[in-house]
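Structure at a glance
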Amino acid sequence: MNTQVPEMSSALDRAVIEGIGFTLMGMTNLGWEKLLKYRVMTAFWQGDVAIIANLDAWKKLDAKQKDFLQKAAIDTERKAHESFQAESKREEQKLHAAGMKDVQPSAEEARKYAAAAHNSLWEQLGKRLSKAEVDNLRKYFYKEGTSH
């Protein structure tokens, strides 16, 4: 069930939903550590930040400009990843301090859990894109032979 973030607290509080799939950060900002008791590990999603450029504008840049922007994007991604890792550690400490427990499923259950999570993304995209478009995107996100 997809629920908008602003609706999750009341949905949890009223037991309309029993749990959430969420990123490693932000739960304590929203007060959910008071409503949730367990985290199923390991995490499978994180928030994304996209850097996009208009193709026509990109084509007008010379090679030096493109190279500069690509290196800046790679550097930004690296720094964002490091920042995300540090912040998620701080979030984990806050959650544990509030009494949240981590649950580690068996290897088989963890595989099913991760597959369900990953497939839910592609199912949502399939509502807006053709099967061919979804299949084309998937090949760029997963190594050949993986089940997700």
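A brief structural summary.

So, how was this worked out
- Residues numbered from 1 in each chain as written.
- Predicted model: local features only at pLDDT ≥ 70, side-chain atom pairs only at ≥ 80, totals over all residues.
- Heavy atoms only, no water.
- Salt bridge = Lys/Arg side-chain N within 4 Å of Asp/Glu carboxyl O.
- Helix = DSSP H or I, 4+ residues; strand = E, 2+ residues; numbered from the N terminus.
- Buried < 20%, exposed > 50% of the residue type's maximum accessible area, 1.4 Å probe, protein only.
- Contact = heavy atoms within 4.5 Å.
- Core = buried A, V, L, I, M, F, W, Y, C linked by side-chain atoms within 4.5 Å.
- Polar contact = N/O pair within 3.5 Å; in protein donor to acceptor, adjacent residues only side chain to side chain.

**What about the pattern of salt bridges?**
Scanning the model with the defined rule gives 9 salt bridges in all. One salt bridge in this structure joins Glu92 and Arg39, with 3.1 Å as the shortest N-O distance. Taken together, the residues Glu92 in helix H3 (residues 63-97) and Arg39 in strand E1 (residues 38-40) connect sequence positions 53 residues apart. Overlapping salt bridges bring together Arg39, Lys89, Glu92 and Asp102 as one network.

**Examining the side chain of Thr28**
One can find Thr28 in the loop between helix H1 (5-13) and E1. Judged by relative accessible area, Thr28 falls into the buried class, the value being 15%. Residues in contact with Thr28, not counting those within four places in the same chain, are Glu33, Glu91, Lys94 and Leu95.

**Here's the deal with the environment of Leu69**
Tracing the backbone through its elements, the reader meets Leu69 in helix H3. Owing to a relative accessible area of 39%, Leu69 belongs among the partly exposed residues under this scheme.

**Some details on unusual backbone geometry**
At Ala15, a residue that is not glycine, the phi angle is positive and equals roughly 60°. Looking at where Ala15 falls in the secondary structure, it is placed in the loop between H1 and E1.

**A look at the environment of Lys101**
One can find Lys101 in strand E2 (residues 101-103). Distance from Lys101 to Leu30, taken between C-alpha atoms, is 18 Å for residues 71 residues apart in sequence. In contact with Lys101, other than residues within four places in its own chain, are Lys37, Tyr38 and Arg39.

**Points about the nonpolar core**
In terms of nonpolar packing, the biggest core is built from 9 residues, these being Met8, Ala11, Leu12, Ile17, Met27, Trp32, Leu36, Leu95 and Met100. By residue number, the principal contributor to this core is H1, which donates 3 residues. Setting aside anything within four residues of it in sequence, one finds Trp32 in contact with Val5, Met8, Ser9, Leu12, Ile20, Phe22 and Met27.

**Considerations on the side chain of Ser88**
The residue Ser88 is located in helix H3 in this model. Judged by its relative accessible area of 9%, Ser88 is buried. Only 3.0 Å separates the side chain of Ser88 from the backbone oxygen of Gln85, close enough to count as a polar contact. Sequence-distant contacts of Ser88, defined by excluding residues within four places in its chain, comprise Leu24 and Met25.

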